[in-house]
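Per-entry structural report
Next come the chains, spelled out residue by residue.
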Amino acid sequence: MHTAANGTWPSPWFRQLRNCPAPRLRLVCFPHAGGSANFFRPWSGLVPDDVELLAVRYPGREDRFAEPQARSMEELAEPIAQACARLADSPLVFFGHSMGASVAYEVAVRLAAGPRAPGLAALSVSGRPGPGKTRSRGLADATDEELVADLVAMSGTNAEALANPELRELFLPVIRADYRLLDRYGDDVAPRSLDVPVVAYYGDQDEHVDADAVNAWSAVTRSGFAARSFPGGHFYLEQHAAPLVADLFARLDTSAPHPTSA
């Protein structure tokens, strides 16, 4: 498949962050609520040379800003699954952070049920409780001040942007819509098992995700499960991108000893 001039694939659902002419696999990354594909751009220098790096482009942000945002998990996951199904020439590995963990899981479930599913080598989820452990925080209907305070507390890197009234006016509706989607997705999603290994990552100081909630992801796999924590809060991966990516790929190499889980 050829790369478009603007760095996106012909499918509007992917941004190609690292090209590889004949990849042994593709790492597909799913952003968090309010997040965009470019969040994973720093990973382009961290993946192995024979891996292609793609990030999912949710509608309603960056160069898809004019498009309406998805209102339900089905509306978001189904077209992404259809786009992934066309990537059948190399195995896929999914990584999703926060909301992206649930989206990646739902896409994986749809791929597994499809007639021409590409090989999914692994599912990695991050910063998100497993099925049955999520709880709505009511943030979709919070005041602007409450929402901004919560975002700044989770990731100090947003503080400067959120202090700008123009940027805030653009950003807050996006994250509200994502939070509303997650509220509709709900806490009552029955785990559907996959035949791929699942690894769950989280920050050991994340106030909204603990070891018990993370271990609930074990219910979605009939293959191996592991969990690992890194120092930090909800956006621990901003400070620990290199060891996180190294851990992810070490686990894919069955001939190598797996890094220590926590």
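From a predicted model like this one, the values you see are computed outputs, not experimental measurements.

What follows covers the overall build of the protein. Scanning the protein from N- to C-terminus turns up eight helices and seven strands. With 262 residues in all, the protein has 52% of them scored as buried. Partitioning the contacts of the protein with sequence separation of at least 6, the portion at a separation of at least 24 is 77%. Looking at the protein as shown, the accessible area adds up to about 11,700 Å², and 52% of this sits on carbon and sulfur atoms.

Here we take up the sheet that holds strand 1 (residues 14–18). Strands in a sheet are paired, the pairing made by backbone hydrogen bonds, and the direction either parallel or antiparallel. Here we have seven strands laid out as an open sheet, ordered 1-3-2-4-5-6-7, and mixed in their pairing. Among the strands making up the open sheet, the edge pair consists of strand 1 and strand 7 (225–230). Neighbour to neighbour, the strand axes of the sheet diverge by 20° on average, direction disregarded. Judged from the six bridges that link them, strand 4 (residues 92–97) and strand 5 (residues 120–126) form a sheet pairing that is parallel. Within strand 5, the residue paired with Phe95 across the bridge is Ser124.

This next bit is on unusual backbone geometry. For Glu62, which is not glycine, the phi torsion reads 50° and is therefore positive. Secondary-structure assignment places Glu62 in the loop between strand 3 (51–56) and helix 1 (73–85). Judged by its relative accessible area of 33%, Glu62 falls in the partly exposed class. Despite not being glycine, Ser98 shows a phi value in the positive range, around 55°. Its location among the elements puts Ser98 in the loop between strand 4 and helix 2 (99–113).

Attention now moves to the nonpolar core. Nonpolar side chains tend toward joint burial in soluble globular proteins. Leu27, Trp43 and Phe94 are the most contacted members of the largest nonpolar core, which has 80 residues in total. Setting aside residues up to four positions removed in sequence, Leu27 forms contacts with Trp43, Val47, Val51, Glu52, Leu53, Leu54, Val93, Phe95, Leu248 and Phe249.

Glancing now at empty space enclosed by the protein. In the structure shown here, the tally under the stated rule is three cavities of 30 Å³ or more. Here the second largest cavity is characterised by a volume of approximately 40 Å³. For the lining of the second largest cavity, the residue count by class is six nonpolar, one polar and two charged.

Moving on: the layout of surface pockets. For the largest pocket, the calculated volume is near 1,100 Å³. Taken together, 48 residues form the lining of the largest pocket, with His32, Ala33, Gly34, Ile175 and Tyr179 sitting closest to its centre. Counting only elements with at least two residues in the lining of the largest pocket, the list comes to helix 3 (144–154), helix 4 (159–162) and helix 5 (165–185). Examining the composition of the lining of the largest pocket, we find that eight residues originate from one element, helix 5, more than from any other. Residue composition of the lining of the largest pocket, by class: 21 nonpolar, 16 polar and eleven charged.

Rules used throughout
- Residues numbered from 1 in each chain as written.
- Predicted model: local features only at pLDDT ≥ 70, side-chain atom pairs only at ≥ 80, totals over all residues.
- Heavy atoms only, no water.
- Helix = DSSP H or I, 4+ residues; strand = E, 2+ residues; numbered from the N terminus.
- Buried < 20%, exposed > 50% of the residue type's maximum accessible area, 1.4 Å probe, protein only.
- Contact = heavy atoms within 4.5 Å.
- Areas by Shrake-Rupley, 256 points an atom, 1.4 Å probe, with all protein chains shown as cover.
- Pairing = 2+ DSSP bridges.
- Axes fitted to C-alpha atoms, helices over the stretch in contact; angles between N-to-C directions.
- Core = buried A, V, L, I, M, F, W, Y, C linked by side-chain atoms within 4.5 Å.
- 1 Å grid on protein atoms, 1.4 Å probe; cavity = no way out; pocket = protein on both sides within 12 Å on 5 of 7 lines; lining within 4 Å.
- Points joined across faces, edges and corners; volume = space filled by probe spheres on them.
- Nonpolar A, V, L, I, M, F, W, Y, C, P; charged D, E, K, R; others polar.

Any functional reading would require information beyond the geometric quantities listed.
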